[in-house]
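Structural overview for review
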Amino acid sequence: MQDTDVSSFFAVMSTAEFRERKEEFVYHKEMLHSLGSIRYCKAELFKDCILGTIRLPQKNEQKKAQLSFGFYLTGRKVFFVEDEGKLKAWIEKQTEMFQEVDTPKQLLLRIMEHMIEEDTLYFSHMESELDKLEEEISGGAGRNNNFFTSLTKHRQKLSEFNIYYEQMIDIGELFSTCDFYQSEQDTQGWDRFMHRVERLQNHVHLLRENVLQIRELYQSMQDARQNKIMIVITIVTTIFLPLTLITGWYGMNFAYMPELQWRYGYIAVIIISLFIVIAEIVYFKKKKFF
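These lines cover the structure that appears in this document, whether it is placed above or below. Just so it is clear, the structure is predicted and the values come from calculations on it, not from any experiment.

**Notes on the overall build of the protein chain**
- Across its full length, the protein chain holds 8 helices and 5 strands.
- Counted from the first residue to the last, the protein chain has its helices and strands arranged as β-α-α-β-β-β-β-α-α-α-α-α-α.
- The C-alpha radius of gyration of the protein chain comes to 35 Å, more than 25% above the 19 Å expected for a compact globule of 290 residues.
- Relative to its full complement of 290 residues, the protein chain shows a buried share of 37%.
- A sequence separation of at least 24 residues applies to 64% of the contacts in the protein chain between residues at least 6 apart.
- Entry remark: accessible area of the protein chain is about 18400 Å², with carbon and sulfur atoms responsible for 54%.
- For the protein chain, the distance from the average site of its 35 positive side-chain charges to the average site of its 41 negative ones is 10 Å.

Structure representation (structure tokens):
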């Protein structure tokens with residue numbers, strides 16, 4: 001079997017180059033409008049072409065997209081429009097992956113399959129990090145601010161990927177159902193792609209539930225710590241309340257208070273105070289307040 005010349009199936013150009021050649025494309029206005037701000041993944045079906053945009057989420061803490069580009073698919077060729085040059089360099093390195101590609105649509109499918117190829121490994125790594133965060137809670141290390149910050153970043157990243165997969169599923173549905181230069185093999189390929197994306201999205205949903213459970217566990221442990229602190233404060237206040245009453249009572253210094261002139265008054269107050277404190281501590285322990 002003779003290898004297919006993949007270079008005849010695609011062309012990569014910048015936005016400026018696309019503007020210069022816009023008369024070659026019937027729906028160049030729609031394409032330029034999409035390229036104006038690539039914020040999400042989408043695909044639109046027209047009479048003799050499919051055009052859209054792809055935006056890959058970043059797999060680190062940066063908010064900038066890992067890769068973003070537009071595509072304009074015709075029956076003979078797929079035109080990629082991007083300004084950073086990452087896509088062209090990547091395609092040139094993946095010549096072996098495109099050996100069995102026979103159509104521009106299959107080329108686009110292979111590229112989109114590669115974009116989600118390492119996502120399972122990424123989520124497995126995130127799952128390990130979430131397990132460590134859960135262990136930190138059990139070990140009492142979740143009190144620092146970094147714990148909650150890290151958990152929030154994971155939640156935001158999972159939400160971003162969830163939206164990304166929803167958009168990719170929509171694109172897969174469009175390609176699998178349209179009759180635009182479509183063979184049965186193409187339909188099956190896009191169906192497989194959609195199922196892979198759905199499995200990844202289900203993985204994201206499980207991780208989001210895990211994040212929610214960890215957050216609830218963290219919050220419940222924080223509430224338990226606060227309750228313990230409030231119990232201690234309440235006990236200390238209760239212990240010293242009778243002593244405060246005695247201090248206030250004998251601090252009035254009325255002229256006819258007999259205890260003020262009593263020789264053993266000071267010692268008597270000390271003994272009464274100690275008795276009250278000991279009695280309260282015994283009572284609290286009996287009631288298992290501490």
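And the narrative resumes.
**Overview of the packing of aromatic side chains**
- A full pass over the atoms with the stated rule returns 20 aromatic pairs.
- With centroids separated by 5.7 Å and ring planes inclined at 75°, the aromatic side chains of Phe69 and Phe80 adopt a geometry described as edge-to-face. Of the two residues, Phe69 is situated in strand β4 (residues 67-73) and Phe80 in strand β5 (residues 78-81); the sequence distance between them amounts to 11 residues. No difference in accessibility class separates Phe69 from Phe80, as the two residues are buried.
- An aromatic cluster is built from Tyr122, Phe123, Phe161, Tyr164 and Tyr165, whose rings are joined through pairwise contacts.

**Examining the sheet that holds strand β2 (residues 42-45)**
- Spatially, the 5 strands line up as an open sheet ordered β1-β5-β4-β3-β2, and their pairing is mixed. Each edge of the open sheet is held by one strand with a lone partner, namely β1 (10-13) and β2. When the angles between neighbouring strand axes are averaged without regard to direction, this sheet yields 15°.
- Both strand β3 (residues 50-56) and β4 contribute to a ladder of 7 bridges, which runs antiparallel. Across the sheet, Leu56 pairs through a bridge with Leu67, a residue of β4.
- Across the sheet, helix α2 (residues 28-35) touches β2, β3, β4 and β5, and the angle it forms with β3 is around 10°.

**Some points on the packing of helix α5 (residues 119-138) against helix α7 (residues 184-250)**
- Two numbers describe how α5 lies on α7: the axes approach to 11 Å, and their chain directions differ by 10°. Comparing their axes, α7 and α5 come out roughly parallel. Residues Asp119, Thr120, Phe123, Ser124, Met126, Glu127, Leu130, Asp131, Glu134 and Ile137 of α5 form the contact with α7, whose participating residues are Leu200, His203, Val204, Leu207, Asn210, Val211, Ile214, Leu217, Tyr218 and Met221.
- When its residues are assigned to classes, the contact of α5 with α7 shows 12 nonpolar, 4 polar and 4 charged.

**Description of α7**
- End to end, α7 covers 99 Å across 67 residues, agreeing with the expected 99 Å (1.5 Å per residue, within 8%).
- The largest bend along α7 measures about 30° and falls at Leu241, with the proline Pro242 one to four residues further on.

**Some thoughts on the nonpolar core**
- The biggest cluster of nonpolar side chains holds 53 residues, and the ones touching the most others in it are Ile54, Phe80, Met168 and Phe175.
- For this core, the secondary-structure elements that each account for two or more residues are β3, β4, β5, α3 (86-93), α4 (104-115), α5, α6 (145-177) and α7.
- Ranked by the residues each element gives to this core, the list is headed by α6, at 11 residues.
- Core analysis: the second largest hydrophobic core is formed by 14 residues, Leu35, Ile38, Tyr72 and Phe79 among them.

**What to know about the state of the cysteines**
- Using the criterion set out here, one finds 0 disulfides in the structure.
- No disulfide involves Cys41; its nearest neighbouring cysteine sulfur is the one of Cys178, lying 17 Å away.

**Quick notes on the environment of Phe79**
- You can see Phe79 is positioned in strand β5.
- Judged by relative accessible area, Phe79 falls into the buried class, the value being 10%.
- As for Phe79 and Met13, which are separated by 66 residues in sequence, their C-alpha atoms are 7.5 Å apart.
- Contacts of Phe79, omitting those with residues within four sequence positions, involve Ala11, Met13, Arg21, Phe25, Gly70, Phe71, Tyr72 and Thr74.

**Section: the packing of α7 against helix α8 (residues 265-286)**
- The interhelical angle for the contact between α7 and α8, taken along N-to-C directions, is 155°, at an axis separation of 10 Å. Our classification of the angle between α7 and α8 gives roughly antiparallel. Seen along the crossing, α7 lies across α8 with a hand that is right-handed. Between α7 and α8, the contacting residues are Ile235, Thr238, Ile239, Pro242, Leu243 and Ile246 on the first element and Val269, Ile272, Ser273, Ile276, Val277, Glu280, Ile281 and Phe284 on the second.
- Its residues assigned to classes, the contact of α7 with α8 comprises 11 nonpolar, 2 polar and 1 charged.

**Observations regarding a nonpolar patch on the surface**
- Residues Trp262, Tyr264, Tyr266, Ile267, Ile270, Ile271, Leu274, Ile278 and Val282 make up a contiguous nonpolar surface patch of about 980 Å² in total accessible area.
- Inspection of the secondary structure puts Ile270 in helix α8.

**Section: the side chain of His154**
- By the secondary structure assignment, His154 is in helix α6.
- Under the relative-accessibility criterion, His154 is labelled buried at 10%.
- Residues within four places of His154 in sequence aside, it is in contact with Met126, Glu129, Leu130 and Leu133.

About the cut-offs
In this numbering scheme, every chain counts its residues from 1 along its sequence in written order. Confidence filtering applies because this is a predicted model: local features only for residues at pLDDT of at least 70, side-chain atom pairs given and counted only at 80 or more, and all residues used for totals across whole chains, interfaces and linings. Each side-chain value is derived from all of the structure's non-hydrogen atoms; neither hydrogens nor water enter the calculation. Where helices and strands are cited, they refer to DSSP runs of H or I of at least four residues and of E of at least two residues respectively, numbered from the N terminus. It is over C-alpha atoms that the radius of gyration is taken, and the globule rule equals 2.2 Å times the number of residues to the power 0.38. Only protein chains enter the accessibility calculation, which uses a 1.4 Å probe; a residue whose area is less than 20% of its type maximum is buried, one above 50% is exposed, and one in between is partly exposed. Two residues form a contact once any of their heavy atoms are found within 4.5 Å. Only the protein chains shown count as covering a residue, and every accessible area follows the Shrake-Rupley method with a 1.4 Å probe. None of His or the chain ends enter the tally, which takes Lys and Arg as positive and Asp and Glu as negative. Taken as the charge location is NZ of Lys, CZ of Arg, CG of Asp or CD of Glu. Within 6.5 Å between ring centres, the rings of Phe, Tyr and Trp (the latter by its six-membered ring) count as paired, and their orientation is classed by plane angle as stacked under 30 degrees, edge-to-face over 60, tilted in between. Strand pairing is assigned whenever DSSP detects at least two bridges linking the two strands. An axis is simply a line fitted to the C-alpha atoms; with a helix, the fit covers only the stretch in contact. Between two such axes, the angle follows the N-to-C directions and lies from 0 to 180 degrees. We call two directions roughly parallel when the angle between them is under 35 degrees, roughly antiparallel when it is over 145, roughly perpendicular when it lies between 65 and 115, and oblique otherwise. For this classification, the nonpolar set comprises Ala, Val, Leu, Ile, Met, Phe, Trp, Tyr, Cys and Pro, the charged set comprises Asp, Glu, Lys and Arg, and every other residue, Gly included, is treated as polar. By this rule the span expected of a helix is its residue count minus one, scaled by 1.5 Å. What is called the bend at a residue is the angle between a pair of axes, fitted to the seven residues leading up to and ending at it and to the seven starting from it. To form a nonpolar core, buried Ala, Val, Leu, Ile, Met, Phe, Trp, Tyr and Cys residues must be joined to one another through side-chain atoms within 4.5 Å. By disulfide we mean two sulfur atoms from cysteines, separated by a distance within 2.5 Å. Should the near helix be turned anticlockwise from the far one by less than a right angle, the crossing is termed left-handed; should it be turned clockwise, right-handed. Only residues above 30% relative accessible area that lack a salt bridge enter a patch, with like-charged residues linked at up to 9 Å and the nonpolar side chains Val, Leu, Ile, Met, Phe, Trp and Tyr linked at up to 5 Å. Any carboxyl oxygen of Asp or Glu that lies within 4 Å of a side-chain nitrogen of Lys or Arg is treated as forming a salt bridge with it.

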